[in-house]
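Structural characterization, general
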Amino acid sequence: MSDVPTRKPIDPGEARAAVLAVASWLRDDTEPAPSRAELAAAVRSTARTLAQLAPGNSVEVRVPPFVAVQCVEGPRHTRGTPPNVVETSARDWLLLATGLLDFDDAVAQSRVSASGHRAPAIVDFLPIIPLARVR
């Protein structure tokens, strides 16, 4: 038996509710910012959903200070800085996770740091919880 605790699966309804709680701010950054608890819930649930959708240990997704998850099948990383890392702010992560921001555009604009040749593999699993753009 493994000594590593397993995480409870993310409930899709709870993840969607967490994202919907911050949706108006994601669509319009002039809206009042969500509370830290609301932001943390949305970030953690979407990142952990990504880890469920793309199980593995070859890419680490970091959204400081809220969460870091490993995902995507491939070579397992065990020590030091992982060779494949995606790191971004909470807002930009949620914009990616909802389809309101394109990964390649975000990298080009330095809103997302993506290092390693496997880092872009997360694109295959985005958006996690799609939100329609408001025009």
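The rules behind the values
Residues numbered from 1 in each chain as written. Predicted model: local features only at pLDDT ≥ 70, side-chain atom pairs only at ≥ 80, totals over all residues. Heavy atoms only, no water. pLDDT = per-residue confidence, 0-100. Contact = heavy atoms within 4.5 Å. Phe/Tyr/Trp six-rings, centres within 6.5 Å; stacked < 30°, edge-to-face > 60°. Lys NZ or Arg CZ within 6 Å of the ring centre and 35° of its normal. Pairing = 2+ DSSP bridges. Helix = DSSP H or I, 4+ residues; strand = E, 2+ residues; numbered from the N terminus. Axes fitted to C-alpha atoms, helices over the stretch in contact; angles between N-to-C directions. Parallel < 35°, antiparallel > 145°, perpendicular 65-115°, else oblique. Left-handed = near helix turned anticlockwise from the far one by under 90°. Nonpolar A, V, L, I, M, F, W, Y, C, P; charged D, E, K, R; others polar.

Notes on the confidence of the model for the protein
When pLDDT is averaged along the protein, the result is 91; 91% of the residues meet or exceed 70. Confidence drops under pLDDT 50 across residues 1–5; counting only partners more than four residues distant or on other chains, this segment forms zero contacts.

What to know about the packing of aromatic side chains
This model, assessed by the stated rule, comprises zero aromatic pairs. A cation sits over an aromatic face here: R91 above W25, 5.0 Å from the ring centre.

With respect to the sheet that holds strand β2 (residues 67–71)
Strand order in this open sheet of four strands is β2-β1-β3-β4, and the pairing throughout is mixed. Each edge of the sheet is formed by a strand with only one pairing partner; in this case those strands are β2 and β4 (112–115). Going from strand to strand, the sheet's axes swing by 10° on average, the running direction of each strand aside. Bridge analysis of strand β1 (residues 59–63) against β2 gives five bridges, and the strand direction is antiparallel. Counterpart to R62 in the pairing with β2 is A68. Helix-sheet contacts for helix α3 (residues 36–53) involve β1 and β2, and the interaxial angle to β2 is about 10°.

Quick word on unusual backbone geometry
Across the chain, the bulk of peptide bonds are trans and the bulk of non-glycine residues have phi less than zero. Across the junction of P64 and P65, the peptide omega takes the value 0°, indicating a cis bond. Counting through the fold element by element, P65 comes out in the loop between β1 and β2. Here the residue pair L126 and P127 is connected by a cis peptide bond, since its omega of -5° sits within 30 degrees of zero. Its location among the elements puts P127 in the segment after β4.

Quick look at the packing of α3 against helix α4 (residues 90–98)
At a closest axis distance of 10 Å, the pairing of α3 and α4 adopts a crossing angle of 50°. As far as their axial angle goes, α4 and α3 are oblique. Seen along the crossing, α3 lies across α4 with a hand that is left-handed. The residues of α4 that touch α3, namely those facing L39, A42, V43, T46, A47 and L50, are A90, W93, L94 and A97. Along the lines of polarity and charge, the residues of the contact of α3 with α4 split into nine nonpolar, one polar and no charged.

Considering the environment of L101
Of note, L101 is situated in the loop between α4 and α5 (103–108). L101 sits 65 residues away from R36 along the chain, and the two C-alpha atoms are 21 Å apart.

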